[in-house]
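Geometric and topological summary
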Amino acid sequence: MKQIQSIQIWVNGQEQTGNWLGAYIINDNLSDSAQFYWWIAKNGQDADHSGATLTSGNLTIDGESYIDWNNEIDINEGAYEWIALQLKLTLIYI
């Protein structure tokens, strides 16, 4: 998981604060597209920064973005950066 700039998310009639972005790959055809599952969570209290999931979804990377992602030195970091860009989130680097 990666820390993000706090965002407000409406959940079950209440505003909640999300501070963490989690993601994993659910499919990669190893050719021209991949699909990620992502979630935004509350403040994590555990060592793994897990917390209550506030919202989640899937994103598909393809085309030039897929090519660029596959050329990243650290594809995990590149995936988080691409997902954050798509969701208009700001990653926090400490």
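As the structure is a prediction and not an experimental result, all values here were calculated from the model. (Residues numbered from 1 in each chain as written. Predicted model: local features only at pLDDT ≥ 70, side-chain atom pairs only at ≥ 80, totals over all residues. Heavy atoms only, no water.)

**Quick word on the environment of Asn 19**
When you line up the elements, Asn 19 lands in strand 2 (residues 14-28). Residue Asn 19 is classed as buried on the basis of its relative accessible area of 8%. In sequence terms Asn 19 and Ser 33 are 14 residues apart; their C-alpha atoms lie 28 Å from each other. For Asn 19, the contacting residues outside a window of four places in its chain are Lys 2, Gln 3, Ile 4, Ser 6, Ala 41 and Asn 43. Within polar-contact distance, the side chain of Asn 19 engages the side chain of Ser 6 at 2.3 Å. (Helix = DSSP H or I, 4+ residues; strand = E, 2+ residues; numbered from the N terminus. Buried < 20%, exposed > 50% of the residue type's maximum accessible area, 1.4 Å probe, protein only. Contact = heavy atoms within 4.5 Å. Polar contact = N/O pair within 3.5 Å; in protein donor to acceptor, adjacent residues only side chain to side chain.)

**Remarks on the nonpolar core**
For soluble globular proteins, nonpolar side chains are generally found buried alongside one another. The biggest cluster of nonpolar side chains holds 21 residues, and the ones touching the most others in it are Leu 21, Phe 36, Trp 38, Ile 40, Ile 61, Trp 69 and Ile 83. Those elements that place two or more of their residues in this core are strand 1 (2-11), strand 2, strand 3 (33-41), strand 4 (53-62), helix 1 (63-70) and helix 2 (75-87). Of all the elements, helix 2 adds the most residues to this core, at five residues. Once you skip the residues sitting within four places of it in the chain, Leu 21 turns out to touch Met 1, Lys 2, Ile 4, Trp 38, Trp 39, Ile 40, Tyr 80, Ile 83, Ala 84, Leu 87, Leu 89 and Leu 91. (Core = buried A, V, L, I, M, F, W, Y, C linked by side-chain atoms within 4.5 Å.)

**What to know about the sheet that holds strand 3**
Spatially, 1-2-3-4 is the arrangement adopted by the four strands of the open sheet, whose pairing is antiparallel. Edge strands, defined here as strands with exactly one partner in the open sheet, are strand 1 and strand 4. Ignoring which end each strand starts from, the neighbouring axes of this sheet average 35 degrees apart. Pairing between strand 3 and strand 4: nine bridges, direction antiparallel. Residue pairing across strands places Tyr 37 opposite Asn 58, the latter belonging to strand 4. (Pairing = 2+ DSSP bridges. Axes fitted to C-alpha atoms, helices over the stretch in contact; angles between N-to-C directions.)

**A look at the side chain of Glu 77**
Position of Glu 77 relative to the elements: it lies in helix 2. Of the polar contacts made by the side chain of Glu 77, one reaches the side chain of Lys 2; its length is 2.7 Å. Beyond its immediate stretch of four places on either side in the chain, Glu 77 contacts Lys 2 and Tyr 93.

**Description of the packing of helix 1 against helix 2**
Remark: helix 1 packs on helix 2, axes separated minimally by 9 Å, with the N-to-C direction vectors making an angle of 145 degrees. Across the interface between the two elements, Ser 65, Trp 69 and Asn 70 of helix 1 pack against Ile 75, Gly 78, Ala 79 and Trp 82 of helix 2. Looking at the contact of helix 1 with helix 2 residue by residue, the class counts come to four nonpolar, three polar and no charged. (Nonpolar A, V, L, I, M, F, W, Y, C, P; charged D, E, K, R; others polar.)

**Quick word on unusual backbone geometry**
One non-glycine residue, Leu 30, lies in positive phi territory at about 60 degrees. Inspection of the secondary structure puts Leu 30 in the loop between strand 2 and strand 3. Even without being glycine, Lys 88 reaches a positive phi, approximately 60 degrees. Here Lys 88 lies in the segment after helix 2. A relative accessible area of 73% means that Lys 88 is categorised as exposed.

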